[in-house]
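Residue-level structure breakdown
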Amino acid sequence: AERDQTTKRWLRLAQLGFWKNTITDGSRRARMRYDALVECMAMLDHSLEVRTGVHYGLFGSTVARIGSPEQAAQYLPRIESLDMVGCFGLTELGHGSNVRGIETEAKYDAARGVFVLHTPSDSAQKYWIGA
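Residues numbered from 1 in each chain as written. Predicted model: local features only at pLDDT ≥ 70, side-chain atom pairs only at ≥ 80, totals over all residues. Heavy atoms only, no water.

1. Things to note about the overall build of the protein
As a reminder of what qualifies: To qualify as a helix, a DSSP run of H or I must reach at least 4 residues; to qualify as a strand, a run of E must reach at least 2; elements of each kind are numbered from the N terminus. The buried label goes to any residue with under 20% of its type's maximum accessible area, the exposed label to any with over 50%, and the partly exposed label to all in between, with areas taken from a 1.4 Å probe on protein chains only. Any pair of residues with heavy atoms lying within 4.5 Å of one another is described as a contacting pair. Only four residue types enter the tally: Lys and Arg on the positive side, Asp and Glu on the negative side, with His and both chain ends excluded. The atom standing in for a charge is NZ when the residue is Lys, CZ when it is Arg, CG when it is Asp and CD when it is Glu.
Looking only at helices and strands, the protein features four helices and two strands. Reading the protein from its N terminus to its C terminus gives the helix and strand order α-α-α-α-β-β. Buried positions account for 27% of the 131 residues belonging to the protein. For the protein, the share of sequence-separated contacts (at least 6 apart) that also reach a separation of at least 24 residues comes to 54%. Computed over 16 positive and 15 negative side-chain charges, the inter-centroid distance for the protein is 5 Å.

Set out below in structure tokens:
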């Protein structure tokens, strides 16, 4: 029930345009607006704060900062509007946040146009993935 309520709140905020230009703008003002939104959410619903933080802060900002200009133009508006929902999966059961110890590999399959993830052992499972 709590997870459903968090999802409803998140979708409603997106429908009302609260997230519009928080990532695509890139300005200090947009960042301050994003921070204010997250701070207000923290007072209302910690689960909502975490969920939006993972989606916009980890996923969206990764696309914004290390994606190509073409990727940013294509994906960031969809990320802000929730037409595209992302996650972030750095930690593994056997390695925590030790990036050098991560076992999972992602290889691009050009013929299919997709990334194929390979998790070679139980210790490489993603246990703390955020979405």
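2. As for unusual backbone geometry
Even without glycine at this site, N21 takes up a positive phi of about 70 degrees. Looking at the element boundaries, N21 is found in the loop between helix 1 (2–15) and helix 2 (28–44). A relative accessible area of 35% means that N21 is categorised as partly exposed. The backbone phi angle of L82 is positive, close to 70 degrees, even though this residue is not glycine. With respect to the secondary-structure elements, L82 resides in the loop between helix 4 (69–81) and strand 1 (105–109).

3. Structural notes on the nonpolar core
So the rule is basically this: Here, nonpolar core means buried Ala, Val, Leu, Ile, Met, Phe, Trp, Tyr and Cys residues that are tied together by side-chain atoms lying within 4.5 Å of each other.
Counting 18 residues, the largest nonpolar core has W10, W19, M41, Y56, L76 and I79 as the members making the most contacts within it. Those elements that provide at least two residues to this core are helix 1, helix 2, helix 3 (46–66) and helix 4. Apart from the residues lying within four places of it in its own chain, the contact partners of M41 are L13, W19, H46, L48, E49 and T52.

4. Topic: the packing of helix 3 against helix 4
Threshold: For every element, the axis is a line fit to its C-alpha atoms; helices are fit only across the contacting stretch, and the angle between N-to-C directions ranges from 0 to 180 degrees. Every angle not falling under 35 degrees, over 145, or within 65 to 115 is termed oblique; those three ranges are roughly parallel, roughly antiparallel and roughly perpendicular. Crossing handedness follows the turn of the near helix against the far one: under a right angle anticlockwise gives a left-handed crossing, and clockwise gives a right-handed one. Here the term charged refers only to Asp, Glu, Lys and Arg, the term nonpolar to Ala, Val, Leu, Ile, Met, Phe, Trp, Tyr, Cys and Pro, and the term polar to all other amino acids, Gly among them.
Taken N-terminus to C-terminus, the directions of helix 3 and helix 4 make an angle of 165 degrees; their axes are 9 Å apart at the nearest point. With respect to helix 4, the element helix 3 is oriented roughly antiparallel. In the crossing of helix 3 with helix 4, the sense of the turn from one axis to the other is left-handed. Residues H55, Y56, F59, G60, V63 and A64 of helix 3 form the contact with helix 4, whose participating residues are Q71, A72, Y75, L76, I79 and E80. Across the contact of helix 3 with helix 4, the residue classes tally to eight nonpolar, three polar and one charged.

5. Regarding the side chain of E80
Within the secondary structure layout, E80 lies in helix 4. In this view, E80 contacts A14, W19, K20, N21, T22, I23, T24 and Y56; residues no more than four positions away in its chain are not counted.

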